[in-house]
Amino acid sequence: MRSLLFVPGDSEKKLAKSLGSGADILILDLEDSIAPGRKDAARRITRGFLDAQAERRRQLFVRVNPLASGLVLADLAAIVGGRPDGIVLPKAEGGESVKTLAHYLSALEAREGVAAGSIRILPIASETAAAVFAFESYAGSSARLCGLMWGCEDLAAAVGATENRRPDGSYPPPFELARSLCLFAAAAAGVEAIDTVFPDFRDGDGLEREARAAERIGFTGKAAIHPGQVEAINRIFTPDAAAIAHAKRVVAAFAAAPEAGVVGLEGKMLDRPHLVAAERVLRRAGAS
Ligand code: COA
Ligand code: MG
């Protein structure tokens, strides 16, 4: 999952447009981009889009409304029969949220004749203050868990912050903390860490800077809100030729010395963490 493009689920025009965006995953949104009076229309249009894309070439996730909204069962009842590849759960608060959603999905998969356990779960894990204290509980919560995304627009609103990005693009400490916790929690759970959206969709340089910084610290993908953001995100989260060549040399150096815990390559010491990192680069290159 390199790029995940949010598409308002009530916009037939944007849904059609999103298919040509090149995003690895489309997130058909039923939550914040849909006005309260449009929820039913969004469910119907999103389901129609899922059905029309039965022979799909890219993965289709649906962002439902939060568990506490009272809307999520109606969302799921409308869309599970369309066989979404995954559900994005906003305002998730730890492993308990994932388990609750997983139970709902199991019941609806059975009712709709959808393969049991086939629909994955991607929580947005930092959108409430309580969520920040629940990161540790994602590990082992469900086999459906496929990643963790962090978000900072709702988190800012939750704590009353008037600024969640500084003018230079960096995050003030509370939001940097949420980002770091997302990264660690994803690694602890053995799933992918997905960086939050970059809302200023006309600022291509800012997007590049933020995406590169995220990739360097371990995020494997980033959410997008506009098709114009997808190309840069795909490029930045695909290991480049130099990184792949170096990773191959590291793997080869260890393969040539099966008894060695540590080897030298190009004047640098390499031990176990370097091998793990190199294998990860090759896995990501293979997946993209
Ligand atoms: N998915 C698919 N198509 C999109 C899109 C998206 N997320 N965002 C824009 N487009 C389309 C537009 O409809 C427009 O199509 P057209 O050329 O056929 O008219 C084209 O891309 C260019 O869009 P542009 O004029 O640059 O932007 P806009 O003012 O129409 O839209 C937003 C700006 C922010 C409203 C729009 O990008 C959007 O809806 N983003 C998703 C918001 C969302 O889902 N938020 C929730 C998650 S945080
Ligand atoms: Mg939101």
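Keep in mind that what you see is a predicted model, and the values were worked out from it rather than measured.

Some remarks on the domain arrangement of the chain
Piece 1. When its domains are assigned, the chain resolves into domain 1 (3-236) and domain 2 (241-287).
Piece 2. Taken over C-alpha atoms, the centre of domain 1 sits 33 Å from the centre of domain 2.

Examining the coordination of the magnesium ion (ligand 2)
The reference angle at a metal is 109.5 degrees if four donors form a tetrahedron and 90 or 180 degrees if six donors form an octahedron.
Piece 1. Protein-derived coordination of the magnesium ion (ligand 2) comes from D32 (OD) and D154 (OD), at a distance range of 1.9 to 2.1 Å. One end of the pair, D32, is in the loop between β2 (25-29) and α2 (39-52); the other, D154, is in helix α6 (residues 153-159), and 122 residues separate them in sequence.
Piece 2. Here D32 falls in the partly exposed class, since its relative accessible area comes to 48%.

Some details on the packing of helix α10 (residues 241-256) against helix α11 (residues 272-287)
Piece 1. Where α10 meets α11, the closest approach of the two axes is 9 Å, and the angle between their N-to-C directions is 130°. As the angle between them shows, α10 and α11 are arranged oblique. Handedness of the α10/α11 crossing: left-handed. Where α10 abuts α11, its residues A243, I244, A247, K248, V250, V251 and F254 lie against R272, H274, L275, A278, E279, V281, L282 and A285.
Piece 2. Among the residues making up the contact of α10 with α11, the classes are represented as 11 nonpolar, one polar and three charged.

Considering the site of ligand 1
Piece 1. The local shell around ligand 1 holds 15 residues, among which F6, K13, K14, I225 and H226 are the closest.
Piece 2. K13 is positioned such that a nitrogen or oxygen atom in its side chain is 2.9 Å from an oxygen atom of ligand 1.
Piece 3. Take H226: an N or O atom from its side chain is 2.7 Å from an oxygen atom of ligand 1.
Piece 4. Protein coverage of the free-state accessible area of ligand 1, which is 890 Å², stands at 66%.

Remarks on the nonpolar core
Piece 1. In terms of nonpolar packing, the biggest core is built from 61 residues, with L76, I87 and L148 touching the most fellow members.
Piece 2. Sort the elements by how many residues they give to this core and helix α7 (residues 173-189) lands first, with seven residues.
Piece 3. Ignoring anything within four residues of it in the chain, the contact list for L76 reads V64, I87, L101, Y104, L105 and L108.
Piece 4. Grouped together as the second largest cluster of nonpolar side chains are 14 residues, F6, V88, V197 and A223 included.

What about the pattern of salt bridges?
Piece 1. This structure, assessed with the given rule, holds 24 salt bridges.
Piece 2. Taking the shortest distance from any N to any O, the salt bridge between R212 and E208 comes out at 3.3 Å. On the criterion of helical spacing, the pair formed by R212 and E208 is a turn pair, its members being four residues apart in helix α8 (residues 204-217).
Piece 3. For R249, the salt bridge goes to E266, with nearest N and O atoms at 2.6 Å. Of this pair, R249 sits in helix α10 while E266 is found in the loop between β9 (263-265) and β10 (268-270), placing the two residues 17 residues apart along the sequence.
Piece 4. Within this structure, D29, E31, D32, R63, K91 and D154 form a network of salt bridges that share partners.

Conventions used here
Residues numbered from 1 in each chain as written. Chains lettered and ligands numbered in written order. Predicted model: local features only at pLDDT ≥ 70, side-chain atom pairs only at ≥ 80, totals over all residues. Heavy atoms only, no water. Domains from an automatic or database assignment. Donors = N, O, S within 2.8 Å, 3.2 Å for Na, K, Ca; no water. Helix = DSSP H or I, 4+ residues; strand = E, 2+ residues; numbered from the N terminus. Buried < 20%, exposed > 50% of the residue type's maximum accessible area, 1.4 Å probe, protein only. Axes fitted to C-alpha atoms, helices over the stretch in contact; angles between N-to-C directions. Parallel < 35°, antiparallel > 145°, perpendicular 65-115°, else oblique. Left-handed = near helix turned anticlockwise from the far one by under 90°. Contact = heavy atoms within 4.5 Å. Nonpolar A, V, L, I, M, F, W, Y, C, P; charged D, E, K, R; others polar. Near = heavy atom within 4 Å. Polar contact = N/O pair within 3.5 Å; in protein donor to acceptor, adjacent residues only side chain to side chain. Areas by Shrake-Rupley, 256 points an atom, 1.4 Å probe, with all protein chains shown as cover. Core = buried A, V, L, I, M, F, W, Y, C linked by side-chain atoms within 4.5 Å. Salt bridge = Lys/Arg side-chain N within 4 Å of Asp/Glu carboxyl O.

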